[in-house]
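Chain by chain, the residues run as shown.
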Amino acid sequence: MNDLAVYACIGENSRGRFHAERRSDFRESFQRDRDRIIHSTAFRRLMHKTQVFVVHENDLNRTRLTHSLEVAQVARTLARRLRLNEDLAEVVALSHDLGHPPFGHTGEDVLQDKMERFGGFDHNAQAIRIVSELEERYIDFDGLNLTWESLEGIAKHNGPITGEIPWAMRDFCTNYNLELTGYASLEAQVAAIADDIAYNHHDLQDGLRAGLLNDEQVQTVPIIARAFDAVRQTYPNAHGKLLRLEALSRFFGFMVEDVYAQSAKRITNIAPKSVEDVRSSGQTMIAFSDNMLNDINILRKFLFENLYRHETVVSMRDTAQSMVGKTFDVIFDDPKLLPSQWQKTRDLSDEIARAQTICDYISGMTDRYLTTKWEFAHKNTW
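Procedures and definitions
- Residues numbered from 1 in each chain as written.
- Predicted model: local features only at pLDDT ≥ 70, side-chain atom pairs only at ≥ 80, totals over all residues.
- Heavy atoms only, no water.
- Buried < 20%, exposed > 50% of the residue type's maximum accessible area, 1.4 Å probe, protein only.
- Helix = DSSP H or I, 4+ residues; strand = E, 2+ residues; numbered from the N terminus.
- Polar contact = N/O pair within 3.5 Å; in protein donor to acceptor, adjacent residues only side chain to side chain.
- Axes fitted to C-alpha atoms, helices over the stretch in contact; angles between N-to-C directions.
- Parallel < 35°, antiparallel > 145°, perpendicular 65-115°, else oblique.
- Contact = heavy atoms within 4.5 Å.
- Nonpolar A, V, L, I, M, F, W, Y, C, P; charged D, E, K, R; others polar.
- Patch = residues over 30% accessible without salt bridge, like charges linked within 9 Å, V, L, I, M, F, W, Y side chains within 5 Å.
- Areas by Shrake-Rupley, 256 points an atom, 1.4 Å probe, with all protein chains shown as cover.
- Salt bridge = Lys/Arg side-chain N within 4 Å of Asp/Glu carboxyl O.
- Lys, Arg positive; Asp, Glu negative; His and termini not counted.
- Charge placed at Lys NZ, Arg CZ, Asp CG, Glu CD.
- Left-handed = near helix turned anticlockwise from the far one by under 90°.
- Phe/Tyr/Trp six-rings, centres within 6.5 Å; stacked < 30°, edge-to-face > 60°.
- Lys NZ or Arg CZ within 6 Å of the ring centre and 35° of its normal.

Visitor: I'd love a proper account of helix α4 (residues 86–95), names of residues and values included.
Guide: Burial within α4 is extensive, with ten of its ten residues counted as buried. Turning to α4, its buried residues are Glu86, Asp87, Leu88, Ala89, Glu90, Val91, Val92, Ala93, Leu94 and Ser95. The N-cap of α4, judged by a side-chain oxygen 3.0 Å from the amide nitrogen of aspartate 87 a few residues on, is asparagine 85.

Here's what the structure looks like:
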């Protein structure tokens, strides 16, 4: 770690953990955090949580787990080139989706609606709740007891948090201040943009594989057309699957190289001398160039119109919305339907406590578990 930049996070300089622990003799603090994430139940559950397509539709479609691994790969690459702490960037990347409920953003939208009058729901806030309380692996404390820097990155990798704060985030920060209105470390910012790079690439690839998009369609997007043209110039006889995959690989590379060049320029211009300078800078330093951002916005509009709103995806979304919403309502009306261990966590006669408990329970479900519960309930008059 001796070659890290002055503005990088260094494990031995960490602000520490909520519960004091003896330092590891052979793992740096953020390596230890990464290992705890990988061994957590919440991380394994991502294997059966939807990214765009429901998990059972195709064995090759991305899940929240494979998406998180791809984000971590990009985050480590960028962190290395920018002389940041790769381990911390990986921690934030691997944990950034831990709080997502089943069925992707559809499930989150439903829980946001159901929890509006009970303190709100946000998947980043739920991730904090998972790693600070809901995971049960250690005798000495609840949660994973991650370092302050890892928690900061999970909480605000998408930027400072202002306005109304979801209850899960608010409750935790009452006891452990994550300085929500400031900017996160560059490692957390790297993880955030790695998330954008990963899903811009793999949603396109999954859409093509599923047959919801085709090669001609995607080449109406300028940056994708440029990627296909670049491959044809190098491999004039390429066609079909290999042409497509090589073009998407080029597109992936375009984004990574652009972020590196733009971020290096911003860092040089701002010249932070420490990670505290990064937090107090008042601006994001890890970013796409304006030209690349324009290209990506065109792509996102294309994906929204042609993939995310495709009738196949919308049909799945409608079914998922009904399952998540109805499950919440039924348990709220009869909390005895909660597993016995969940009934003991709070006073369920209080509506707010009941809603928050049900939210914890449902958000931790996989697509498969919720579907199984739904089918069983229907056979038993839900």
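Visitor: I'd love a proper account of the packing of helix α11 (residues 222–234) against helix α14 (residues 290–308), names of residues and values included.
Guide: Running from N to C, α11 and α14 point in directions that differ by 100°, and their axes come no closer than 8 Å. The orientation of α11 with respect to α14, classified from their angle, is roughly perpendicular. The residues of α14 that touch α11, namely those facing Pro222, Ile223, Ile224 and Arg226, are Met292, Asp295, Ile298 and Leu299. Partitioned by chemical class, the residues of the contact of α11 with α14 number six nonpolar, no polar and two charged.

Visitor: Go over the side chain of histidine 123, please, and point to the residues and values.
Guide: Within the fold, histidine 123 resides in helix α6 (residues 123–134). Separated by 3.0 Å, the side chains of histidine 123 and glutamate 108 make a polar contact. One polar contact links histidine 123 to asparagine 124, side chain to side chain, over a distance of 3.3 Å. Here histidine 123 is in contact with His96, Asp97, Gly99, His100 and Glu108, once residues within four sequence places are set aside.

Visitor: Before we move on, can you summarise a negative patch on the surface with the specific residues and values?
Guide: On the surface, Asp109, Asp113, Glu116 and Glu164 cluster together into a patch of negative charge. Locating aspartate 109 in the fold gives a position in helix α5 (residues 104–114). On the accessibility criterion, aspartate 109 (46% relative accessible area) is partly exposed.

Visitor: Tell me what's going on with the pattern of salt bridges, and back it up with residues and numbers.
Guide: Going through the model one piece at a time under the given rule, you end up with 32 salt bridges. For glutamate 90, the salt bridge identified is with arginine 34, shortest N-O distance 3.5 Å. Of this pair, glutamate 90 sits in helix α4 while arginine 34 sits in helix α1 (residues 29–38), and the two are 56 residues apart along the sequence. Exposure class is identical for glutamate 90 and arginine 34. Each is buried. Its salt-bridge partner being aspartate 229, residue arginine 232 comes within 3.3 Å of it at the nearest N-O pair. With a gap of three residues between them, arginine 232 and aspartate 229 both fall in helix α11, about one helical turn apart. Overall, arginine 232 belongs to the partly exposed group, its relative accessible area being 33%. Looking at aspartate 229, the relative accessible area reads 38%, which means it is partly exposed. Because the salt bridges share partners, they merge into one network encompassing Arg27, Arg34, Asp35, Arg76, Arg80, Glu86, Asp87 and Glu90.

Visitor: Now, about α1: what can you tell me, with residues and values included?
Guide: Burial analysis of α1 places eight of its ten residues in the buried class, the great majority of the element. Buried within α1 are the following residues: Ser29, Phe30, Arg32, Asp33, Arg34, Asp35, Arg36 and Ile37. Tucked into the core, α1 has its buried residues touching α2 (41–45), α3 (64–81), α4, α6 and α7 (148–156). Sitting at the head of α1, glutamate 28 places a side-chain oxygen 2.9 Å from the backbone nitrogen of phenylalanine 30.

Visitor: Help me get a handle on the packing of α3 against helix α12 (residues 240–270), residues and values and all.
Guide: If you want to describe how two helices pack, look at the angle between their axes and the distance between the axes. At a minimum axis distance of 10 Å, the contact between α3 and α12 shows a crossing angle of 35°. With respect to the hand of their crossing, α3 and α12 are arranged in right-handed fashion. Where α3 approaches α12, its residues Gln73, Val74, Leu78 and Arg81 are matched on the opposing element by Phe252, Val256, Glu257, Val259 and Tyr260. Its residues placed into classes, the contact of α3 with α12 shows six nonpolar, one polar and two charged.

Visitor: Lay out the packing of aromatic side chains with the relevant residues and their values.
Guide: In this structure the tally under the stated criterion is six aromatic pairs. Ring centres 5.1 Å apart and planes at 35° place the aromatic pair tyrosine 138 and phenylalanine 141 in the tilted group. Overall, the relative accessible area of 32% leaves tyrosine 138 in the partly exposed class. Geometrically, the ring pair formed by phenylalanine 172 and tyrosine 176 is edge-to-face, given 5.8 Å between the ring centres and 80° between the ring planes. Judged on exposure class, the residue phenylalanine 172 and its partner tyrosine 176 are both buried. Between the NZ or CZ atom of arginine 354 and the centre of the ring of phenylalanine 332, over which it lies, the distance is 4.7 Å.

Visitor: Outline the environment of methionine 47, supporting the account with residue identities and numerical values.
Guide: Within the fold, methionine 47 resides in the loop between α2 and α3. Look at methionine 47 and you get partly exposed, because its relative accessible area is 41%. Between the alpha carbons of methionine 47 and histidine 67 there is a distance of 9.5 Å; along the sequence they are 20 residues apart.

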